[in-house]
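Fold and geometry: a report
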Amino acid sequence: MLRARYIMVGGFLGAGKTTAILEVAQRLIAQGLRVGLISNDQSVGLVDTTMFGSGGLPTEEISGGCFCCRFQSLVEAAQKLATEARPDAFLAEPVGSCTDLQATVSYPLKQLYGDDYSVAPLSVLVDPIRASRLLGLRPGKTFSPKVNYIYNKQLEEADVIVINKVDLLEASQLEELHAALQAAYPAAEVVRASARSGDGIDQWMAAIAADAPRARDAMKVDYETYAEGEALLGWLNLSATLRGDSFDGNQLLSSLIAAIGARLAADGIEVAHLKATLAPNQGNDLAVANLVLNGGQAERSHDLAAPLEEGELLVNLRAEGDPAALEAITREQIAAAARTANAAFDILHCEAFRPSPPTPTHRYA
């Protein structure tokens, strides 16, 4: 019996991991392979899980901590998928503020479950604007040093760095970023791709289809700085119902994301990732919108086919700011968007918090 391929796709919040994973999943399926997806977050109510599920793909969600802290839950999720869907490949998306994945996930999987899983090289995706700012290639606000510590550590441990959303940069800027990443992180292979258009995905898939690179020692991580960096980030997961006589859900979602982003920017809160879905109470239709930078453009990647009378809204917001402020802003803007659409709304679930310090189940050096 062939071992299932475990493919982990990391990267900081807003790098485009979910869209990229869905694109890779569809290409693996086109090759005749069965695929299972594993999403991950600090809490429940994930936009990512909704997006995975809307495509009809077998999906398990692990909440309450990153893969490193919920290692046994990761193994159990894979075993459940193996029983129900028998996937040839697992595509796993860890929390976007998580690092040290090689030592706490990849190496333990190889050592403890090497008979069951073939572990692919670790991919780390980057948003090219965010990465260019971090490397000093272009102006613009970045996160505070302790949050940037996590970002850098993610890239340091990568086997493959994927510059995603390549259409956001001009050719000369892309060349400059590629060279800077390769120089700063020489242990990684740097590739370019666009999950949205599909450009470069084949090259990336070839890199992760290769045998895992020669084992290297786990990188050194200051867990105190790591924990402090995560604790600077506010986390918000909210779900709500919207009801009206017939309203444009696509417009409502775009306006809501733009309005929340504008308020965050006005209050000096740096967005890491703001994303939301709106789905009718029946069927598989879905609208998806997101914002990944202060001052950036709110984008809608999926549109509803028809106006809504009732639907469920999911909002996931991660930003460097007070969780109470994130909640207040989000609730206020949902109320404003509902008024504009002549719709009523009810908040079903809302959690606003800072992540707990990471406490890995295993760490193999």
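Scroll up to find the structure this text is about.
Residues numbered from 1 in each chain as written. Predicted model: local features only at pLDDT ≥ 70, side-chain atom pairs only at ≥ 80, totals over all residues. Heavy atoms only, no water.

Topic: the overall build of the protein chain
For the protein chain, the helix and strand inventory stands at 11 helices and 14 strands. Taken over C-alpha atoms, the radius of gyration comes to 20 Å for the protein chain, in line with the 21 Å a tight globule of 365 residues would show. Projected onto its principal axes, the C-alpha coordinates of the protein chain cover approximately 60 × 45 × 40 Å. Within the protein chain, the proportion of its 365 residues that are buried is 56%. (Helix = DSSP H or I, 4+ residues; strand = E, 2+ residues; numbered from the N terminus. Rg over C-alpha atoms; globule rule 2.2 N^0.38 Å. Buried < 20%, exposed > 50% of the residue type's maximum accessible area, 1.4 Å probe, protein only.)

Describing the nonpolar core
Y6, I38 and F67 are the most contacted members of the largest nonpolar core, which has 56 residues in total. The element that contributes the greatest number of residues to this core is helix α3 (residues 71–84), accounting for six residues. With near-sequence residues (within four places) excluded, Y6 lies in contact with F67, L74, F90, A92, V105, L109, Y117, S118, V119 and A120. Counting residues in hydrophobic clusters, the runner-up holds 33 residues, among them V24, V35, L57 and A120. (Core = buried A, V, L, I, M, F, W, Y, C linked by side-chain atoms within 4.5 Å. Contact = heavy atoms within 4.5 Å.)

Thoughts on the packing of helix α1 (residues 17–30) against helix α8 (residues 201–209)
Contact geometry of α1 with α8 gives a least axis separation of 11 Å together with a crossing angle of 80°. By the angle between their axes, α1 is roughly perpendicular relative to α8. The segment α1 lies against α8, with A20, E23, V24, R27 and L28 engaging I201, D202, W204 and M205. Residues of the contact of α1 with α8, tallied by class, amount to six nonpolar, no polar and three charged. (Axes fitted to C-alpha atoms, helices over the stretch in contact; angles between N-to-C directions. Parallel < 35°, antiparallel > 145°, perpendicular 65-115°, else oblique. Nonpolar A, V, L, I, M, F, W, Y, C, P; charged D, E, K, R; others polar.)

On their own, these measurements won't tell you what the molecule is for.
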